[in-house]
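Survey of secondary and tertiary structure
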Amino acid sequence: MSREPFSEAEARSEQEAIGVASFVLSLRAKGIRNTALLRAMELVPRDVFAPRRFRDLSRTDVALPLPCGQTMTAPGTVATMLLALGVAPGQRVLEVGTGTGYVTALLAHLGAEVTTVERFNTLAESAAQHLKIVEAGKVRMEIGDGLAARVRERFDRILLNGARPEIPQTLTSLLGPGGRLVGALTQDGAPRLVQIERLPDGEFTRNLGAPLRISPLVTGIAATL
């Protein structure tokens, strides 16, 4: 018994499924093996967050240009940073640099309670709409300087979506015992993965990892945009 030809909607759905499968396989090929993280990156649709004119590239491992001179980090870099962050369900996470909200949605899908801070009002408004579309979980969004001091707050994890010449003490002081900060540290002109942990006795350890393709993270609140 012959099957009727695919409808246009069915053909599109099959193409999307193939694209998602290829996307996940490409992450596995880069050494990402964490099941929960791969599942989150499979289920959170990056095309919802990507700029409309670049949505055909949303499931490829490339960075995409954003308004305000910013960049949507490539998925491979995002996966590397989230793997190092090691988020567990129920943990309180501070994300500095919301961007499109894609990484925010991944953190929420992993079960985190996310406070995300974006310095550009334009990006924050767009990210809020994206997060509504995908029905992201426990997310609190703020517009401001994510690198500024915060009063009486403690986080289990802190993620810096960008590279800094140094990691400010205003952020490491927000880590509770056993807490971890992940970002990129610029050394000799190139960003490298950095992981800072706060030990139970209050001391800190710092480990540098592989080079990362990621844009600088700027301090301050954007006066315009």
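In short, a report on the structure. Throughout, a residue's number is its position along its own chain's written sequence, starting from 1. For this predicted model, a pLDDT threshold of at least 70 governs which residues receive local features, and a threshold of 80 or more governs which side-chain atom pairs are given and counted, while totals over whole chains, interfaces and linings are taken from all residues. With hydrogens and water set aside, each side-chain value is computed from the structure's full complement of heavy atoms.

1. Comments concerning the overall build of the protein
Counting from the N terminus, the helices are the DSSP runs of H or I reaching at least four residues and the strands are the DSSP runs of E reaching at least two. If you tally the helices and strands in the protein, you get seven helices and nine strands. The globule rule is 2.2 Å times the number of residues to the power 0.38, and the radius of gyration it is compared with is taken over C-alpha atoms. A compact globule built from 225 residues should have a C-alpha radius of gyration of about 17 Å, and the protein, at 18 Å, falls within 12% of that. If you line up the protein on its principal axes, its C-alpha atoms span 70 × 40 × 35 Å. In this description, contact between two residues means that some pair of their heavy atoms is separated by no more than 4.5 Å. Taking as baseline every contact in the protein between residues at least 6 positions apart, the subset at least 24 positions apart corresponds to 50%. Treating the 26 positive side-chain charges of the protein as one cloud and the 23 negative ones as another, the clouds have centres 3 Å apart. Neither His nor the chain ends contribute to the count of charged residues, in which Lys and Arg are positive and Asp and Glu negative. Where a charge sits is defined by one atom per residue type, namely NZ (Lys), CZ (Arg), CG (Asp) or CD (Glu).

2. Comments concerning the side chain of glutamate 95
Secondary-structure assignment places glutamate 95 in strand E3 (residues 92–96). With a 1.4 Å probe rolled over the protein chains alone, any residue whose accessible area is under 20% of its type maximum counts as buried; one over 50% counts as exposed, and the rest are partly exposed. Within this document, salt bridges are pairs made up of a side-chain nitrogen of Lys or Arg and a carboxyl oxygen of Asp or Glu, the two lying within 4 Å of each other. Of the buried charged residues, glutamate 95 lacks a salt bridge, with arginine 150 as the closest side chain of opposite charge at 11 Å. Within the local environment of glutamate 95, its side chain forms a polar contact with the side chain of threonine 116, the two groups lying 2.7 Å apart. Glutamate 95 has contacts with Val103, Thr104, Leu107, Val114, Thr115, Thr116, Val117, Leu159 and Asn161, leaving out every residue within four places of it along the chain. Polar contact criterion, stated in full: a pair of N or O atoms within 3.5 Å, where within protein one must be able to donate a hydrogen and the other to accept it, and residues adjacent in sequence count only if both atoms are side-chain atoms.

3. Structural notes on the layout of surface pockets
Only protein atoms enter the 1 Å grid used here, on which a cavity is any set of points holding a 1.4 Å probe that cannot leave and a pocket is any open set flanked by protein within 12 Å on both sides along at least five of seven lines; residues with an atom within 4 Å of a point are listed as lining. Grid points are joined across faces, edges and corners, and a volume is the space filled by probe spheres set on the points. Approximately 490 Å³ is the volume attributed to the largest pocket. Taken together, 36 residues line the largest pocket, and the ones lying closest to its centre are Gln70, Thr71, Gly97, Gly99 and Asn161. Counting only elements with at least two residues in the lining of the largest pocket, the list comes to strand E2 (71–72), helix H4 (75–85), helix H5 (102–109), strand E4 (113–118) and strand E6 (155–164). Per element, the largest residue contribution to the lining of the largest pocket is three residues, and it comes from H4. Each residue is assigned to one of three groups, with Ala, Val, Leu, Ile, Met, Phe, Trp, Tyr, Cys and Pro labelled nonpolar, Asp, Glu, Lys and Arg labelled charged, and all others, Gly among them, labelled polar. Here the lining of the largest pocket is built from residues that sort into 17 nonpolar, 15 polar and four charged.

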